[in-house]
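Observations on the model geometry
If you want the building blocks of each chain, they are given just below.
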Amino acid sequence: MAKAGKLYEGFDEEYNCPILDEDRVIDELEDKMSEGGVIVDYHGCDFFPERWFHIVFVLRTENSFLYDRLESRGYKGKKLQDNIQCEIFQTIYEEAVLSYREEIVHQLPSNTPEDLERNLDQITQWVEQWTKDNN
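This text gives an overview of the structure that appears in the document. Just so you know, these numbers come straight off a predicted model, no measurement behind them. (Residues numbered from 1 in each chain as written. Predicted model: local features only at pLDDT ≥ 70, side-chain atom pairs only at ≥ 80, totals over all residues. Heavy atoms only, no water.)

What the rule picks out here adds up to six salt bridges. A salt bridge links R60 to E87, with the nearest nitrogen and oxygen atoms 2.6 Å apart. Linking R60 in strand β3 (residues 56-60) with E87 in helix α4 (residues 77-88), this pair joins segments that are 27 residues apart in sequence. When sorted by exposure, R60 lands in the same class as E87, which is buried. Two residues, E103 and R101, come together in a salt bridge whose shortest N-O distance is 3.1 Å. Exposure remark for E103: the relative accessible area of 56% places this residue in the exposed category. (Salt bridge = Lys/Arg side-chain N within 4 Å of Asp/Glu carboxyl O. Helix = DSSP H or I, 4+ residues; strand = E, 2+ residues; numbered from the N terminus. Buried < 20%, exposed > 50% of the residue type's maximum accessible area, 1.4 Å probe, protein only.)

Structure follows, in structure tokens:
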């Protein structure tokens, strides 16, 4: 969505990636989110309004898996180090707990393809149950 809508405010030369215009992203998503039934996949959460979410899943990866995964994507230097440190210090999890009610924030392991399958199953089951309970 951000790429298709060019919702950027510049380019970060140090990290070699676009800088997301968070206000434009919020504006773009507002109507869709108010309708409900939307899953948001992003690498942070502190700028999304709490009212949008009934549950938040934070995917966690052991550093040995994460290093290889990021390196295979071409991450180098500071970008690679900062991403590893972010996982070590649970930065995204803590950001989620500070941004939303703690009882709706859940951590899921994301190391292997089997973890991916379990996570998909768990999230699908949660969505199905929530839909039954709220319709």
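Here the narrative resumes, following the displayed structure.
Below, the discussion takes up the pairing of strand β2 (residues 17-20). Relative to β2, strand β1 (residues 8-12) runs antiparallel, the two being bridged by four bridges. Within β2, the residue paired with G10 across the bridge is I19. Connecting β1 to the antiparallel partner β2 that follows it, the hairpin turn spans four residues, and N16 within it adopts a positive phi of roughly 55°. (Pairing = 2+ DSSP bridges.)

All right, on to the state of the cysteines then. Scanning all chains against the criterion turns up zero disulfides. No disulfide involves C86; its sulfur sits 10 Å from the nearest other cysteine sulfur, which is in C45. Accessibility expressed as a relative area gives 24% for C86, which makes it partly exposed. (Disulfide = S-S within 2.5 Å.)

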